[in-house]
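Given next are the chains, with one letter for each unit.
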Amino acid sequence: TGIPKPYLSKIIGRLVSAELVISRRGNRGGIWLARPAAEITLLEIAEKMDGEDFLGRCLLGEEYCSDSRACPTHAFWKKERAQIRKKLAATRLSDVIAFDDTRLVAGKPTQETLP
């Protein structure tokens, strides 16, 4: 993927700390999912990597924004944020893997994946 090794190392470290993967050094070492992919949701990954408020409370970044003192986009963002969280909670890592597998035929992109 071309990710620089120091950056990748930080990501792996965070995934280990979040107990999403297991890492072992040495001859028989490697990195494995801590649980089956079907048991890990995209919401769990996002929350463990970026915190529970990863979507941000306010679309405009306003500190004062709340139900009692709303910015112009508050109602819209509250509704959309709930929908995003719901979709991420319903999507498992195994779904992402299966989707990627259907887009590849013998290691080559299918017509749907080509621009």
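Now for a quick tour of the structure.

## Observations concerning unusual backbone geometry
1) Next: Positioned with a positive phi, E19 is a non-glycine residue whose angle comes to about 60°.
2) Next: For E19, the location among the structural elements is in the loop between α1 (5-17) and β1 (21-24).
3) Next: Residue classification places E19 among the exposed residues on the basis of a relative accessible area of 56%.

## Comments concerning the packing of helix α2 (residues 42-50) against helix α3 (residues 74-90)
1) Next: Contact geometry for α2 and α3: axes closest at 5 Å, N-to-C directions at 115°. As judged from the angle between their axes, α2 and α3 are roughly perpendicular. Listed contacts from α3 to L42, L43 and E47 of α2 are R85, L88 and A89.

## Let's talk about the packing of aromatic side chains
1) Next: Summed over the entire model, instances satisfying the criterion amount to zero aromatic pairs.
2) Next: One Lys or Arg, R69, reaches over the ring of Y64 and ends 4.5 Å from the middle of that ring.

## Points about the state of the cysteines
1) Next: Applying the stated criterion across every chain yields a total of zero disulfides.
2) Next: Note on C65: no disulfide assigned, nearest cysteine sulfur contributed by C71 at a separation of 3.7 Å.
3) Next: Its sulfur unpaired, C71 is 3.6 Å from the next cysteine sulfur, which belongs to C58.

## Some details on the pattern of salt bridges
1) Next: Under the definition given, this model contains five salt bridges.
2) Next: For R35, the salt bridge is made with E44, and the minimal N-O distance between the two is 2.6 Å.
3) Next: Note on R35: relative accessible area 26%, which makes it partly exposed.
4) Next: Relative accessible area serves as the criterion here: at 16%, E44 is assigned to the buried category.
5) Next: Across the pair K78 and D67 runs a salt bridge whose closest N-O atoms are separated by 3.0 Å. Linking K78 in helix α3 with D67 in the loop between α2 and α3, this pair joins segments that are 11 residues apart in sequence.
6) Next: Its relative accessible area of 38% is what places K78 among the partly exposed residues.
7) Next: Under the relative-accessibility criterion, D67 is labelled exposed at 57%.
8) Next: A network of salt bridges, in which partner residues are shared, links R35, E44 and K48.

The rules behind each value
Residues numbered from 1 in each chain as written. Predicted model: local features only at pLDDT ≥ 70, side-chain atom pairs only at ≥ 80, totals over all residues. Heavy atoms only, no water. Helix = DSSP H or I, 4+ residues; strand = E, 2+ residues; numbered from the N terminus. Buried < 20%, exposed > 50% of the residue type's maximum accessible area, 1.4 Å probe, protein only. Axes fitted to C-alpha atoms, helices over the stretch in contact; angles between N-to-C directions. Parallel < 35°, antiparallel > 145°, perpendicular 65-115°, else oblique. Contact = heavy atoms within 4.5 Å. Phe/Tyr/Trp six-rings, centres within 6.5 Å; stacked < 30°, edge-to-face > 60°. Lys NZ or Arg CZ within 6 Å of the ring centre and 35° of its normal. Disulfide = S-S within 2.5 Å. Salt bridge = Lys/Arg side-chain N within 4 Å of Asp/Glu carboxyl O.

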